[in-house]
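# Summary of structural features
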Amino acid sequence: MKRIVWLGVGVAIGVIAYQKITQARSLASPGGVNRAVASLADSVAQFADQVRVGMAEREGELRRGLGLEG
């Protein structure tokens, strides 16, 4: 009975390792690198947009606080 359990554990570990290796291999391919760079560029652009919105909100608050709104 113990051998069957250890065989099952070994098979499960083997399947998980195979999936991780396949995933790492796809990330290392040119297409995977392109996807990673595109994702990073999208994240940076989204962050920059959020910063711009925050800056505009804060500028409006400061203008209202100083009575500079026309």
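Structure report, in brief. (Residues numbered from 1 in each chain as written. Predicted model: local features only at pLDDT ≥ 70, side-chain atom pairs only at ≥ 80, totals over all residues. Heavy atoms only, no water.)

### Quick look at helix α2 (residues 30-66)
What counts, and what does not: Under the scheme used here, helices are H or I runs from DSSP no shorter than 4 residues and strands are E runs no shorter than 2 residues, and both carry numbers assigned from the N terminus. By this rule, a helix spans an expected 1.5 Å times one less than how many residues it contains.
For α2, built from 37 residues, the straight-helix expectation of 54 Å at 1.5 Å per residue is met to within 8% by its first-to-last C-alpha distance of 53 Å. Where α2 terminates, the next one or two residues include G67, which has phi positive at roughly 70 degrees.

### Topic: the environment of S26
The condition that has to hold: A contact between two residues is defined here by any heavy atoms of the two lying within 4.5 Å.
Within the secondary structure, S26 sits in helix α1 (residues 2-28). In this structure, the C-alpha to C-alpha distance between S26 and D42, residues 16 residues apart in sequence, is 20 Å. In contact with S26, other than residues within four places in its own chain, are G32 and R35.

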